[in-house]
Amino acid sequence: MSFVTGVGLTSYGKHDGLSSLDLMSRAAELAISDAGLKRADIDGILCGYSTVSPHIMLATVFAEHFGIRPSYAHAVQVGGATGLAMTMLAHHLVDAGVAKHVLVVGGENRLTGQSRDASIQALAQVGHPDYEVTLGPTIPAYYGLVATRYMHEYGLTQEDLAEFAVLMRKHALTHPGAQFHEPITVADVMASKPVAMPLKLLDCCPVSDGGAACVISREATGDGRVRIRGCAQAHTHQHITAAPALSELGAEISIAKAKAASGLAISDVRYAAVYDSFTITLAMLLEDLGLAKRGEAAARVRAGYFNQDGEMPLNTHGGLLSYGHCGVGGAMAHLVETHLQMTGRAENRQVRDASVALLHGDGGVLSSHVSMFLERVR
């Protein structure tokens, strides 16, 4: 058993003069304080990777910088799934008695600390070094290929994909820490600059500075008792040339295992936090997870199903697409927002009922998946 006892999140966007370690430290301090703990109480540290500040021992580099001496330290890297993968590992560590309070942290100054070319080069390394990278594709190019195939098989249109960007921007407007606060329309998305067709600029998440953290504990430390009910992973491939059919991707595997581990069904879920690096990512994952039928997620967006006041509120902070994406910390913002919703602290974003939440992270090109159920307990 484990509880998410504290969360911390910086604003996302531009943080001039702050390093990855600085941003991680700010988020970590907020999370520890939120848990009602002191730095000395932290006996485990899980640290996400940083493309801006790569290091073979980043977890202990951060521990030294932050001023803690944990009995357990580990750095993790599974792309965009890293935040939830670390949370899952922390859950197992405290459940096994290895540590009592594990700090999970990620953050980067990717916007101000890394050049455009360096960022493109770093992210392109998800491709096969011989058969893919040498041909020059980038992360958006890979997802553009996936989008083209998915649209062909399930009848999605570019306008359908644009609906997801519009929804995430609408949610970001209500969060002061979001990178973007200008409303957009489907027409705006359609008119935005082509990046890797059918994906255009507003179909893609931005590059951001920011940090996010949480504390996972064996026992609850305050009144907001949010428990990790069950979680699971799936890793089907690394390179897109080795990917299975679209109907056999890892999200379906991980969600089935997470449902079995938790004893919960999708019908039990009241709030959803789903990885949204691109509009096609969000469309596919919602359908893979069973939150919409194949080819029908966009229709549900149009009908208000995923609105803050809808039947299944989704990414109420604005997601990667509009709150921002700073590497590992990007998806961890989903976890922070979920915890705020579950503890009734989401202010003007508060949904009616967030008693059971589903979170899902995706790494690589739909390569690595982590599904997780959280529940609020009395």
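Quantities reported herein were computed from a predicted structural model and do not represent experimental measurements. (Residues numbered from 1 in each chain as written. Predicted model: local features only at pLDDT ≥ 70, side-chain atom pairs only at ≥ 80, totals over all residues. Heavy atoms only, no water.)

Novice: Honestly, the side chain of Arg169 in this entry has me stumped. Any pointers?
Specialist: Within the secondary structure, Arg169 sits in helix H6 (residues 158-172). No salt bridge is formed by the buried Arg169. Its closest oppositely charged neighbour is Glu182, at 4.2 Å. Once residues within four sequence positions are removed from consideration, Arg169 is found in contact with Phe180, Glu182, Pro183, Ile184, Leu202 and Ser322. (Helix = DSSP H or I, 4+ residues; strand = E, 2+ residues; numbered from the N terminus. Buried < 20%, exposed > 50% of the residue type's maximum accessible area, 1.4 Å probe, protein only. Lys, Arg positive; Asp, Glu negative; His and termini not counted. Salt bridge = Lys/Arg side-chain N within 4 Å of Asp/Glu carboxyl O. Contact = heavy atoms within 4.5 Å.)

Novice: Would you mind going over the environment of Ser53 with me for this structure?
Specialist: Assignment of secondary structure puts Ser53 in the loop between strand S2 (44-48) and helix H2 (58-66). Sequence separation between Ser53 and Glu108 is 55 residues, and the spatial gap between their C-alpha atoms is 8.0 Å.

Novice: Teacher, can you tell me more about the environment of Asn109 here?
Specialist: Counting through the fold element by element, Asn109 comes out in strand S4 (residues 101-109). Along the sequence, Asn109 and Gly13 sit 96 residues apart, while their C-alpha atoms lie 9.1 Å from each other. With residues near it in sequence (within four places) discarded, Asn109 still touches Leu18, Ser19, Ser20, Leu23, Val52, Gln114 and Asp209. Here the side chain of Asn109 touches Leu18 through a polar contact of 3.3 Å, landing on its backbone oxygen. (Polar contact = N/O pair within 3.5 Å; in protein donor to acceptor, adjacent residues only side chain to side chain.)

Novice: I would appreciate a short explanation of the packing of aromatic side chains in the present structure.
Specialist: Aromatic rings in a pair are described by how distant their centres are and how their planes are angled relative to each other. In total, this model carries five aromatic pairs according to the counting rule given. Geometrically, the ring pair formed by Phe62 and Phe66 is stacked, given 5.2 Å between the ring centres and 15° between the ring planes. Here Phe62 pairs with Phe66, and both are found in helix H2, just four residues apart, close to one helical turn. Positioned above the aromatic ring of Tyr305, the side-chain terminus of Arg300 is 4.0 Å from the ring centre. (Phe/Tyr/Trp six-rings, centres within 6.5 Å; stacked < 30°, edge-to-face > 60°. Lys NZ or Arg CZ within 6 Å of the ring centre and 35° of its normal.)

Novice: I keep staring at the nonpolar core and nothing clicks. Help me out?
Specialist: Ranked by internal contacts, the top residues of the largest apolar core, which has 52 residues, are Val274, Ile280, Leu286, Leu291, Phe306 and Leu314. No other element matches helix H5 (residues 139-154), which puts seven residues into this core. Contact partners of Leu291, with chain neighbours within four places excluded, come to Ile266, Ala272, Val274, Leu286, Arg300, Tyr305, Phe306, Met312 and Leu358. Listed in part, the 45 residues of the second largest apolar core include Ala212, Tyr271, Val336 and Val351. (Core = buried A, V, L, I, M, F, W, Y, C linked by side-chain atoms within 4.5 Å.)

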